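Coordinates in review
Residues per chain are reported as follows:
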Amino acid sequence: MQKLLHINADKCTGCLQCEMACSYENYGTFATAKSRIKVFDFHTTGKKVPYTCTQCDEAWCLHACPVEAITLDKATGAKVVNEATCVGCKVCTIACPFGTINYVEETGKVQKCDLCGGDPACASACPTGAITFIDANWTGLGKMEQWANKLGNQPSAT
Amino acid sequence: MSWAGKILRVDLTSGTVKSEALKMDWARAYLGSRGLGTKYLVEEVDATVDPLSPANKIIWATGPLTGTMASTGGRYTVITKSPLTGAIACSNSGGYWGAEFKMAGWDMVIFEGRSATPVYLYVNDDVAELRDASHLWGKSVWETEETLKKSLQDPLTRVSSIGKAGENGVLYAAVVNDLHRAAGRSGVGTVMGSKNLKAIAVRGTKGVGNIHNPKAFMKAIAEKKQILKDNAVTGAGLPAYGTQVLMNVINEVGGLPTRNHRDNQFEGAKDISAEAMATPRATDGKKQLVTNQACFGCTIACGRISKMDQGHFTVSNKPQYWNASGGLEYEAAWALGAANGVKDLEALQYATMICNEEGIDPISFGATVGAVMELYDMGVLTKEQLGIDAKFGSAEALAFFVEETVNSRGFGKEIGQGSKRLTAKYGHPDLSMSSKGQEFPAYDGRAIQGIGLAYATSNRGGCHLRGYTIASEVLGIPVKTDPLEHEGKPELVKAFQDATAAFDSSGLCIFTTFAWGLADLAPQMAAACGEEFTTEELEKIGERIWNMEREFNNRAGFTAKDDSLPKRLLSEACKTGPATGKVNMLAEMMPKYYAARGWDAEGRPTAETRERLSL
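Bear in mind that the values here come from a model prediction, so they are computed numbers and not experimental data.

**Overview of the overall build of chain A**
- Of regular secondary structure, chain A possesses five helices and eight strands.
- By principal-axis analysis of the C-alpha atoms, chain A measures approximately 70 × 35 × 30 Å.
- Looking at chain A residue by residue over its 158 residues, the buried ones come to 39%.
- Counted over contacts in chain A with a minimum sequence separation of 6, partners at least 24 positions apart contribute 51%.
- Accessible area for chain A stands at about 8,800 Å²; split by element, carbon and sulfur atoms hold 53% of it.

Put into structure tokens, the structure is as follows:
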């Protein structure tokens, strides 16, 4: 079963535990600036929204890379950057329609979410369930259940 | 260790910025944030200094756990000598600024002297420089943040700044970060303004990485987060209702000071409560409360984000206030509401937004307005002097006064001096509901005996956050004590004060203590900083910090007679509710408090106490 990071922005409080977890997993340091998941705080509306790579099947970044540094991890479905191959040309950052692959000045390479090899640290760290790692085929299950519950009839007793 | 190990020293007079190594022996003895920043201040500043002179210093300090993944690890403290009280000023804030500063690789920044022209400090990791802020002077906190983010071309920059109130010398001006989180009390923003320092803009990309035992740390913080989640206050009450969950609770115990403490229960409490914020308005069918919001790293998320009724008289022709913005928290709702008898929830939200926008402490402001309204009621102040009919309960007067005060216009100039100076000027000093010149927050010291003692002995003047005995006396945390009983309170107050000093100095939020004790902080500190930080060691550090602050105040000229409460709390009994007939029994409690502290009759730590605490 392939799993996906699923975002429910209504539950996000803006605590940035996900950003710290991401940077700690990848760099061993708590540095929100290095995180591959970003929480956007729209302060005029009060909306907080975590955003990261959705692992496109036909990934623009992967197709655009001239040195094939971005490959599919068959086990997780993640599109993974091979740092040894990446030449830092940044064409992928132009190709990606969503902005979720970005250049890192310190390394001269690009970085993106790789689903932490199948156990994403951001989802584990999220205290409210705004970020979950769930069955890719059933990301709508929670919402379906929520709406189904509104329709419920009482058990028929008559 | 999870200290960055480096501090910035900024000489505003000469315009120089230097990096220094953190004194690690001080860090181990005073942790960080409140304790460590205060240690630097008391070692470097003469306690008798004029707070608004260049000889005073002002320090922004993070804690060892600031910027880590420990829950609530986003706090910082601003420390200076207070222009409002003349005592130590030590104001804590959340939001994101503290963590950003720590992630830039710094534990604290010390400002000395006074700049000849307005400046701001720009910090981007190792780069730290003073820059011209003449284009920011006269701007609000909100405009300052927006302008800096635009001009630096970096929306992720975090800003800690003052608004017009701090520039204009309002004595309780706040330092505000991330639009609506504030180091609110004691006039730390006034000192900032007196130095011509407008803002600190920070971008930190290095992160916090030098955790003593990372594996143990990740395990400890996960366990402690679970405790917060499972606790009724931190896991349910605060995220749903915010601190405003207290409004009806405190009113029911008869401890909600009303109309400048003339009354101890407010007939309008329910109208300005958390429940009211979450109820659709009759006018537009919308709730004032939009959502909750966490500070950096916080798994509680008590912050409020609210939206006003666009038709309300305060904003109907001011669309700039129609957006979502920082909402009412309990102390502000009380000070702007019950303290003045105002029960118009929209007017309170307007006033709290102006407090955030221009940077003032809503507690001292609201309580001072309460005193003004009482003087007006007595006929001492007139409509002509005030510029408005200031009867108790007037939302119009509240809205008018907040604008006049932040802009230092008309009678607002006098309100901006605080209730102690204002009531003395008009011949009624007993009507200032304050200790050491700082106004009380939202709990009546007659109905809740321990908090009265905590107010009288607080090192920064009237304050609930030095020793929040409400937890025990009203909420039963960690054990229930009778709020009307004064026996046993001196020891309770001391225990709360010492534990709070340790929590404040770790870089975590004091609100965790609804669910945690020092025994929960200790494993997180030990894993992050070193095994020596046991529960017992943290207790001792907390007590050491308390005594250090006390000795600064003693050197500044405070004596035992300043550990006092206004006559009203000692001789005018509560009129209604469960506390009817009660006054605060301060005289009974004080000798026992001094004994528990190991202080002499003048309130000075004895030689034995100093030695025990390695002072």
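From this point, things continue past the structure.
**Focus: the overall build of chain B**
- When helices and strands are counted, chain B shows 25 helices and 17 strands.
- Taken against the 2.2 N^0.38 rule, which gives 25 Å for 615 residues, the C-alpha radius of gyration of chain B at 22 Å falls within 12% of a compact globule.
- Seen along its three principal axes, the alpha-carbon backbone of chain B occupies a region of about 60 × 55 × 45 Å.
- The buried share among the 615 residues of chain B stands at 67%.

**Topic: the nonpolar core**
All names here are of chain B.
- F365, F401 and Y443 are the most contacted members of the largest nonpolar core, which has 181 residues in total.
- When residues in this core are grouped by element, the largest group, eight residues, is from helix α12 (residues 345-358).
- Discounting chain neighbours no more than four positions away, the residues touching F401 are F365, V369, V372, L386, I388, A390 and I415.
- Core analysis: the next-biggest nonpolar cluster, separate from the first, contains 27 residues, L12, F111, V119 and I200 among them.

**Here we look at the sheet that holds strand β10 (residues 175-177) of chain B**
All names here are of chain B.
- An order of β8-β7-β12-β9-β10-β11 is seen for the six strands of this open sheet, with the pairing classed as mixed. The two strands at the open ends of the sheet, each matched to only one other strand, are β8 (127-132) and β11 (181-183). Averaged over all neighbouring strand pairs, the angle between strand axes comes to 20°, with direction disregarded.

**Things to note about the sheet that holds strand β14 (residues 303-306) of chain B**
All names here are of chain B.
- One open sheet holds the three strands; their spatial order is β13-β14-β15, and the pairing between them is antiparallel. Lying at the two open borders of the sheet, with one neighbouring strand each, are β13 (289-293) and β15 (325-326).
- Bridge count between β14 and β15: two bridges; the pairing is antiparallel. What sits directly across from S306, in β15, is S325.

**What to know about the pattern of salt bridges**
All names here are of chain B.
- Evaluation of the coordinates by the stated rule reveals 52 salt bridges over all chains.
- Residue D563 is joined to K436 by a salt bridge in which the shortest nitrogen-to-oxygen separation is 2.9 Å. Taken as a pair, D563 in the loop between α22 (535-555) and α23 (567-571) and K436 in the loop between β16 (434-435) and β17 (438-439) lie far apart in primary sequence, 127 residues in all.
- Via salt bridges that share partners, R9, E20, E44, K57 and E112 belong to a single interconnected network.

**Here's the deal with the environment of M589(B)**
- Along the chain, M589(B) turns up in helix α24 (residues 586-597).
- Along the sequence, M589(B) and H486(B) sit 103 residues apart, while their C-alpha atoms lie 6.9 Å from each other.

**Describing the interface of chain B and chain A**
- If you look at the interface, chain B gives 38 residues, while chain A gives 24 residues.
- Around 2,200 Å² of area is buried between chain B and chain A when both sides are counted, 56% of it from carbon and sulfur atoms.
- Between chain B and chain A we count zero salt bridges in total.
- Joining chain B to chain A, the criterion identifies 12 residue pairs in polar contact (both at pLDDT 80 or more).
- For the side of chain B that touches chain A, the secondary structure elements donating two or more residues are α3 (97-103), α7 (214-230) and β13 of chain B.
- No other element matches α7(B), which puts five residues into the side of chain B that touches chain A.

**Remarks on the packing of α12(B) against helix α15 (residues 395-406) of chain B**
Residue and element names in this part refer to chain B.
- At a minimum axis separation of 9 Å, α12 and α15 run at an interaxial angle of 5°. Classified by the angle their axes make, α12 and α15 are roughly parallel. Packed against α12, whose contacting residues are A347, L348, Y350, A351, I354, C355 and E358, the element α15 presents A395, L398, A399, V402, E403 and V406 at the interface.
- Its residues assigned to classes, the contact of α12 with α15 comprises 11 nonpolar, no polar and two charged.

**Overview of the packing of aromatic side chains**
- Applying the stated criterion to the full structure yields 20 aromatic pairs over all chains.
- With a centroid separation of 5.7 Å and an interplanar angle of 85°, the aromatic rings of Y321(B) and Y350(B) are classed as edge-to-face. Taken together, the residues Y321(B) in the loop between β14 and β15 and Y350(B) in helix α12 connect sequence positions 29 residues apart. Accessibility classification places Y321(B) together with Y350(B) in one group, the buried group.
- By way of ring pairs, the aromatic residues Y330(B), Y443(B), Y468(B), F511(B) and F514(B) are connected into one cluster.
- In this structure, K47(A) packs its charged tip against the face of F42(A), placed 5.6 Å from the ring centre.
- Directly above the ring of Y122(B) sits R131(B), whose terminal nitrogen or CZ lies 4.0 Å from the centroid.

**Examining the pairing of strand β2 (residues 38-42) of chain A**
All names here are of chain A.
- When β2 meets strand β3 (residues 47-51), the two strands line up antiparallel, connected through five bridges. The residue bridging D41 from the neighbouring strand is K48, located in β3.
- Linking β2 back to β3 in an antiparallel pair, the connection comprises four residues, with G46 at a positive phi of about 85°.

**Quick notes on unusual backbone geometry**
- Following I477(B), the chain continues into P478(B) via a peptide bond in cis, with omega recorded as -5°.
- Structurally, P478(B) is set in the loop between α19 (470-473) and α20 (489-506).
- For K90(A), which is not glycine, the phi torsion reads 70° and is therefore positive.
- Tracing the backbone through its elements, the reader meets K90(A) in the loop between β5 (79-81) and α3 (91-95).

**What to know about α15(B)**
Residues and elements named next belong to chain B.
- Over its 12 residues, α15 extends 17 Å from the first C-alpha to the last, a length consistent with the 16 Å expected when each residue adds 1.5 Å.
- The buried fraction of α15 is high, at nine of 12 residues.
- All buried positions along α15 are accounted for by A395, A397, L398, A399, F401, V402, E404, T405 and V406.
- Looking at the buried residues of α15, the elements they touch are α5 (164-167), α11 (330-336), α12, α13 (362-377), α14 (383-386) and α16 (412-415).

**Quick look at the packing of α13(B) against α15(B)**
Residues and elements named next belong to chain B.
- Following both chains from N to C, one finds α13 and α15 inclined at 120°, their axes separated by 11 Å at the closest point. Accordingly, the angle class assigned to the pair α13 and α15 is oblique. Every pair of crossing elements has a handedness; the one defined by α13 and α15 is right-handed. Contacts between α13 and α15 involve F365, V369, V372 and M373 on the former and, on the latter, A397, L398, F401, V402 and T405.

**As for a nonpolar patch on the surface**
- Taken together, F40(A), F42(A), Y51(A), W60(A) and F98(A) make up a surface patch of nonpolar side chains, about 510 Å² in accessible area.
- Its place among the elements puts W60(A) in helix α2 (residues 60-64).

**A few points about the pairing of strand β1 (residues 6-11) of chain B**
Residues and elements named next belong to chain B.
- As judged from the six bridges shared by β1 and strand β2 (residues 16-21), these two strands associate in the antiparallel manner. In the sheet register, V10 faces β2, and the bridge partner there is V17.
- The pairing of β1 with strand β6 (residues 108-112) spans five bridges and is parallel. Paired with D11 across the bridge in β6 is E112.

About the cut-offs
Residues numbered from 1 in each chain as written. Chains lettered and ligands numbered in written order. Predicted model: local features only at pLDDT ≥ 70, side-chain atom pairs only at ≥ 80, totals over all residues. Heavy atoms only, no water. Helix = DSSP H or I, 4+ residues; strand = E, 2+ residues; numbered from the N terminus. Buried < 20%, exposed > 50% of the residue type's maximum accessible area, 1.4 Å probe, protein only. Contact = heavy atoms within 4.5 Å. Areas by Shrake-Rupley, 256 points an atom, 1.4 Å probe, with all protein chains shown as cover. Rg over C-alpha atoms; globule rule 2.2 N^0.38 Å. Core = buried A, V, L, I, M, F, W, Y, C linked by side-chain atoms within 4.5 Å. Pairing = 2+ DSSP bridges. Axes fitted to C-alpha atoms, helices over the stretch in contact; angles between N-to-C directions. Salt bridge = Lys/Arg side-chain N within 4 Å of Asp/Glu carboxyl O. Buried area = accessible area lost by both parts, 1.4 Å probe. Polar contact = N/O pair within 3.5 Å; in protein donor to acceptor, adjacent residues only side chain to side chain. Parallel < 35°, antiparallel > 145°, perpendicular 65-115°, else oblique. Nonpolar A, V, L, I, M, F, W, Y, C, P; charged D, E, K, R; others polar. Phe/Tyr/Trp six-rings, centres within 6.5 Å; stacked < 30°, edge-to-face > 60°. Lys NZ or Arg CZ within 6 Å of the ring centre and 35° of its normal. Expected span 1.5 Å × (residues − 1). Left-handed = near helix turned anticlockwise from the far one by under 90°. Patch = residues over 30% accessible without salt bridge, like charges linked within 9 Å, V, L, I, M, F, W, Y side chains within 5 Å.

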